[in-house]
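Listed below, chain by chain, are the residues.
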Amino acid sequence: MKKLINIVFVMTAFVQSSAQKIIHQEVFSPKMNKKIKTVIITPNLQRNTKYPSVYILHGFSGNPDRIIKQDIPDLVKKAQQFKTIYVLPDGNYSSWYVDSPVVKDSQYQTFIGKELVEFIDKNYPVKAEKKFRGILGWSMGGYGATNIGVTYNKTFGIVGSSCGALDFNSFGEGYQKYMVNKVLGPLESINPNFLTDNKIKLMAAADQQYIFDCGTDDTQMINMNRNFHKKLTEMKIQHLYTESLGGHVPEYWSRSLSEQLSLFDRFFKQ
């Protein structure tokens, strides 16, 4: 009887340790000297097993909790389906995921591209190789994923953007409305390194996979994405670009991002 109780206890402990989890964690950023709220979603973790990881960047005014509840409501299910660890950092409402030359404690490019990756690689059972690590986002996060993903092209093997703000020069009133000027300063004096067009030559030699999509009714972003697609095509940079019905709304990007995560899974399994 005692032996049976011990066996049951061991089995129960193992089930608990391997169950799927949604972990709310504060990750310290040395460069910003502050902790950043981050949500990590794991599948049922198996012993002696490591998993691909995907960093998911929310849009302007978003946060990690909203990603789970509204933006990608099937994300927890997908973590288990694809056996992937998802990492959701808080972009501080309007950081644009850049290393701001204006705001000293807004250095999210370094935090996500380097500090957070190092933290996850050290503390979670992920495959710490480029071909098993991806980054994606939408709107502000689409810009952030593209900028960070290409900048850290030795870290991320696949980059995705849905309805991304890919051209500040054609953003018009949005440049101030969505507070880009607060972190990057006036458009007329912006550092060219922050312009996505200036990443194209780097993309040509980065050995990465790229996915871009946008809704045909997204009046603010559709032309940015079409033009970026055209430029990549002219430079003969392999990428997947799609358009489908929808505007700049959660209904569009929750569908498109769910599809992108399926493509990420195919990439990891190649």
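Just so it is clear, the structure is predicted and the values come from calculations on it, not from any experiment. (Residues numbered from 1 in each chain as written. Predicted model: local features only at pLDDT ≥ 70, side-chain atom pairs only at ≥ 80, totals over all residues. Heavy atoms only, no water.)

### Some thoughts on the pairing of strand S8 (residues 240–244)
Sheet analysis places strand S7 (residues 209–215) next to S8, joined by five bridges and oriented parallel. What sits directly across from Phe212, in S8, is Tyr241. For the crossover that starts at S7, traverses helix H9 (residues 222–234) and ends in the parallel S8, the hand is right-handed. (Pairing = 2+ DSSP bridges. Helix = DSSP H or I, 4+ residues; strand = E, 2+ residues; numbered from the N terminus. Right-handed = clockwise from strand over helix to strand, strands pointing away.)

### Some thoughts on the sheet that holds strand S4 (residues 85–89)
Strand order in the open sheet made by the eight strands is S1-S2-S4-S3-S5-S6-S7-S8, with mixed pairing throughout. The outermost strands of the open sheet, each flanked by one partner alone, are strand S1 (21–29) and S8. Pairwise comparison of adjacent strand axes, ignoring direction, gives a mean angle of 20° for this sheet. Contacting S1, strand S2 (34–42), strand S3 (53–57) and S4, helix H3 (residues 75–82) crosses the sheet at an angle of about 145° to S4. Packed onto the sheet, helix H10 (residues 250–269) meets S3, S4, strand S5 (133–138), strand S6 (158–162), S7 and S8 and runs at close to 170° relative to S6. (Axes fitted to C-alpha atoms, helices over the stretch in contact; angles between N-to-C directions. Contact = heavy atoms within 4.5 Å.)

### Notes on the environment of Val98
With respect to the helices, strands and loops of the structure, Val98 is situated in the loop between S4 and helix H4 (108–123). For Val98, a relative accessible area of 0% gives the class buried. When near neighbours in sequence (up to four residues on either side) are disregarded, Val98 contacts Ser106, Gln107, Tyr108, Gln109, Tyr143, Asn147, Val183, Leu184 and Phe194. (Buried < 20%, exposed > 50% of the residue type's maximum accessible area, 1.4 Å probe, protein only.)

### So, the pattern of salt bridges
With the rule as written, the count across this model stands at nine salt bridges. Asp121 is paired through a salt bridge with Arg133; the nearest N and O atoms lie 2.8 Å apart. With Asp121 in helix H4 and Arg133 in strand S5, this residue pair connects regions lying twelve residues apart in the sequence. Of the charged contacts, one joins Arg226 and Glu243 as a salt bridge, the two residues approaching to 2.7 Å between their closest N and O atoms. With a gap of 17 residues between them, Arg226 in helix H9 and Glu243 in strand S8 connect regions that are remote in the sequence. Here Glu243 falls in the partly exposed class, since its relative accessible area comes to 32%. (Salt bridge = Lys/Arg side-chain N within 4 Å of Asp/Glu carboxyl O.)

### With respect to the packing of H3 against H10
Where H3 contacts H10, the axes come no closer than 11 Å and their chain directions differ by 15°. Relative to H10, the element H3 is oriented roughly parallel. At the point where H3 passes H10, the crossing takes the right-handed sense. Taking contact as the criterion, the partners of Leu75, Lys78 and Phe82 in H3 are, on H10, Ser258, Leu261, Ser262 and Asp265. (Parallel < 35°, antiparallel > 145°, perpendicular 65-115°, else oblique. Left-handed = near helix turned anticlockwise from the far one by under 90°.)

### Quick look at the nonpolar core
Grouped together as the largest cluster of nonpolar side chains are 80 residues, with contacts concentrated most on Ile56, Tyr86, Trp96 and Phe168. Here the element with the most residues in this core is H10; it accounts for seven residues. Apart from residues lying up to four places away in sequence, Phe168 is in contact with Trp96, Tyr143, Tyr175, Val180, Leu184, Leu187, Ile190, Phe194 and Leu195. (Core = buried A, V, L, I, M, F, W, Y, C linked by side-chain atoms within 4.5 Å.)

### Observations concerning the environment of His239
Here His239 lies in the loop between H9 and S8. With residues near it in sequence (within four places) discarded, His239 still touches Tyr210, Phe212, His229, Leu232 and Thr233. At a separation of 2.8 Å, a polar atom in the side chain of His239 contacts the side chain of His229. In this structure the side chain of His239 is engaged in a polar contact, spanning 2.7 Å, whose partner is the backbone oxygen of Ile237. (Polar contact = N/O pair within 3.5 Å; in protein donor to acceptor, adjacent residues only side chain to side chain.)

### Here we look at the side chain of Asp213
The residue Asp213 is located in strand S7 in this model. Of the side chains with opposite charge, Arg255 comes closest to the buried, unpaired Asp213, at an N-O distance of 7.4 Å. A distance of 2.6 Å separates a polar atom in the side chain of Asp213 from a polar atom in the side chain of Tyr252. In this structure, Asp213 is in contact with Ser161, Ser162, Cys163, Asn225, Tyr241, Thr242, Tyr252, Ser256 and Gln260, ignoring residues within four places of it in sequence. (Lys, Arg positive; Asp, Glu negative; His and termini not counted.)

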